[in-house]
Structures are given as C-alpha cells and as structure tokens.
Amino acid sequence: MADIVVSGTVTHRHHAERGLLRLAVEIEGDDRAAVVDEGIAVHNRVTEQATVLRRQGAATWWTARSVSVGLVTEPGSPDGSRASSVRYRTRSTIEVRFQDFAALADWVGELAHVEGVSIDGIEWSLGHARRAEVEQDARLAAVADAVARASDYADALGLGSPVLQAVYEPGLRPGEGGSGGAGHLGFGSSRSLMAASMLDDGGSMVYDLHPADIEVTATISADFTV
C-alpha cells in the first residue's frame, strides 16, 4: 500500500456581467444652508437618474446609504499672513449596479461634467445566479485535477489505480490552521476611467470601458491509497 497526497486547483475566467459604479456628491462652501440645499439637490438629481436607469433595465439596483454634513477647518499660515477659516461640507455616496455596460459608459460621461459629483471607480463582477454556477464548476474541476494528479503519480511509480480516501477544503485538513473554503470568487479590481475617442449615438464623448475577466479559483487537497 502506498499513500498519495495531492492538491487540485483550477482557475476559470469569465466575462464580467455587472459593473458597480461608486459615486460621491460633495459640496463645500461658507454658507451652511446653501451647501446643504445644493448637496441635496445634486444628490436627488443623481438618484432620480439611477431610478430611471433601473426601470429601463440598464441597472439592476442602486443604493444611497451614507450622508455627512460638517465643518472643514483650514489652518492659517504659521507667519500669520493667512488666518484659519471654517467652511461647511456635505457628502453623500451612491452606488449603482449596471448590467448594460454601454449605458454605464454613457452615464459616467454625463456625470463627469456635473459639478459636485466624483466618480470613485467601478467594481466588476458576475451576476448572483451565474456566480453560484461558475463556483460549482470550479470546485468540480479542482477535484478532477486532484484525481488526475494522483493517477499520474501512480502510473509513474508503476502502481495500480489510486483510491480516494478523503478530500479537504483549504484549512480543514487536520492539524492545519486557517479558514475553509473550496473556492473563492475574485472580482476584477476597480479600473481607472480612461478617456478615449469614442462617441455615443448623440455624438458626445464617452469613456471606453473594458472590464477585466473575473477569475474564479478553487483549490482542494486529497488523500489517495494505491
């Protein structure tokens, strides 16, 4: 009898299906009421557009879950030539998840011209239903890879067919620490928005976005006897 211990790993790549756009509305000024009113007006204008995009099917959902209003103190110069000052600032954040990337690029181009709106980046991902499917495929492929490895070693040693005894997710093998998980879904990192010579149907300049593929990796270890 001989023991063979192997790992099985696989990485599959899939085209992104969703783009999560992160926005912030930030207004600053000397008059608190005016700053707040303008911040609310710009924020509501953006969320109204997000609602329309969701109803049209270009976006799947949106959320606006944080807002802050406060003072910003600017210290004076050490030589006293410029006194310290206090200004008011309001900031709110909005996230919109798109499934229509052309509509996403168009809207980003529009928002880039709106005073007070900053674009914090885009996070690319798969849809929820698709994610479960590709993770399952990766787990199955990782097990198949482990079986193939064990068979290769057994053939090289002139032994018979290996018999599976146990399969372990990362961190679950006895004596090993760490957290388990047969696979993980790695999202493409937020990409910088780059201007390109690209026009929409109305003849306006838009950003040419090309999301990276989404990598899905699964890893297991397995014990065989021959």
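In the block above lies the structure referred to throughout.
Reference entry: report on the structure contained in this document. (Residues numbered from 1 in each chain as written. Predicted model: local features only at pLDDT ≥ 70, side-chain atom pairs only at ≥ 80, totals over all residues. Heavy atoms only, no water.)

1. Side note on the overall build of the protein
And step 1. Regarding its fold elements, the protein presents three helices and ten strands.
And step 2. Listing the helices and strands of the protein from first to last along the sequence gives β-β-α-β-β-α-β-α-β-β-β-β-β.
And step 3. Looking at the protein as a whole, 35% of its 226 residues qualify as buried.
And step 4. Restricting to contacts in the protein with at least 6 residues of sequence separation, those with at least 24 account for 78%.
And step 5. Split by element, the accessible area of the protein, about 13000 Å² in all, is 50% carbon and sulfur. (Helix = DSSP H or I, 4+ residues; strand = E, 2+ residues; numbered from the N terminus. Buried < 20%, exposed > 50% of the residue type's maximum accessible area, 1.4 Å probe, protein only. Contact = heavy atoms within 4.5 Å. Areas by Shrake-Rupley, 256 points an atom, 1.4 Å probe, with all protein chains shown as cover.)

2. Here we look at the packing of aromatic side chains
And step 1. For the structure on display, the rule yields two aromatic pairs.
And step 2. Here the aromatic rings of Phe-98 and Trp-107 are separated by 6.0 Å at their centres, their planes lie at 45 degrees, and the arrangement is tilted. Each member of the pair, Phe-98 together with Trp-107, is buried.
And step 3. Ring centres of Phe-101 and Trp-124 lie 5.0 Å apart, and the angle between their planes is 70 degrees; on these two criteria the pair is classed as edge-to-face. With Phe-101 in helix α2 (residues 101-111) and Trp-124 in strand β5 (residues 117-125), the pair connects residues that are 23 residues apart, well separated along the chain.
And step 4. Residue class for Phe-101 comes out partly exposed when judged on its relative accessible area of 25%. (Phe/Tyr/Trp six-rings, centres within 6.5 Å; stacked < 30°, edge-to-face > 60°.)

3. Quick word on a nonpolar patch on the surface
And step 1. A grouping of Val-143, Val-147, Leu-164 and Val-167 is seen on the molecular surface, where their side chains present a nonpolar patch of about 280 Å² in accessible area.
And step 2. For the nonpolar patch, the elements supplying multiple residues, two or more each, are α3 (128-156) and β6 (163-168).
And step 3. Residue position: Leu-164 is located in strand β6.
And step 4. A residue is classified by how much of its surface remains accessible, and Leu-164, at 43% relative accessible area, is partly exposed. (Patch = residues over 30% accessible without salt bridge, like charges linked within 9 Å, V, L, I, M, F, W, Y side chains within 5 Å. Salt bridge = Lys/Arg side-chain N within 4 Å of Asp/Glu carboxyl O.)

4. Brief notes about helix α1 (residues 32-56)
And step 1. Here α1 is 25 residues long and its end C-alpha atoms lie 36 Å apart, about the 36 Å a rise of 1.5 Å per residue gives.
And step 2. Inspection of α1 places Val-35, Gly-39, Val-42, His-43, Val-46, Thr-47, Ala-50, Thr-51 and Leu-53 among the buried residues, and these make up the whole buried set.
And step 3. Considering only its buried residues, α1 is in contact with β2 (18-29), β3 (59-74), β4 (85-98), α2 and β5.
And step 4. You can read the cap of α1 off the contacts: a side-chain oxygen lies 3.1 Å from the backbone nitrogen of Ala-33, and it is on Asp-31.
And step 5. Following α1 by one or two positions, Gly-57 adopts a phi angle in the positive range, close to 90 degrees. (Expected span 1.5 Å × (residues − 1). Polar contact = N/O pair within 3.5 Å; in protein donor to acceptor, adjacent residues only side chain to side chain.)

5. Here we look at the side chain of Glu-95
And step 1. Positionally, Glu-95 belongs in strand β4.
And step 2. Assessed through its relative accessible area of 13%, Glu-95 is described here as buried.
And step 3. Among the polar contacts made by the side chain of Glu-95, one reaches the side chain of Arg-65 at a distance of 3.3 Å.
And step 4. With sequence-adjacent residues up to four places away left out, Glu-95 is seen in contact with Leu-20, Leu-21, Arg-22, Trp-61, Trp-62, Thr-63 and Arg-65.

6. Some thoughts on the sheet that holds β3
Hydrogen bonding along the main chain pairs the strands of a sheet, whether they run parallel or antiparallel.
And step 1. Reading across from one edge, β3-β4-β2-β5 is the order of the four strands in this open sheet, with antiparallel pairing throughout. Two strands lie at the open edges of the sheet, namely β3 and β5, each paired on one side alone. The mean inter-strand angle of the sheet, taken between neighbouring strand axes irrespective of direction, is 15 degrees.
And step 2. Across 13 bridges, the pairing between β3 and β4 is antiparallel. The residue bridging Val-69 from the neighbouring strand is Thr-90, located in β4.
And step 3. Along the sheet face, α2 touches β2, β4 and β5 and points at about 10 degrees away from the line of β2. (Pairing = 2+ DSSP bridges. Axes fitted to C-alpha atoms, helices over the stretch in contact; angles between N-to-C directions.)

7. Some remarks on the nonpolar core
And step 1. By size, the foremost hydrophobic cluster in this structure holds 40 residues, and its most contacted members are Leu-21, Phe-98, Leu-104 and Trp-107.
And step 2. Among the secondary structure elements, those contributing two or more residues to this core are β1 (3-14), β2, α1, β4, α2, β5, α3 and β10 (214-225). (Core = buried A, V, L, I, M, F, W, Y, C linked by side-chain atoms within 4.5 Å.)

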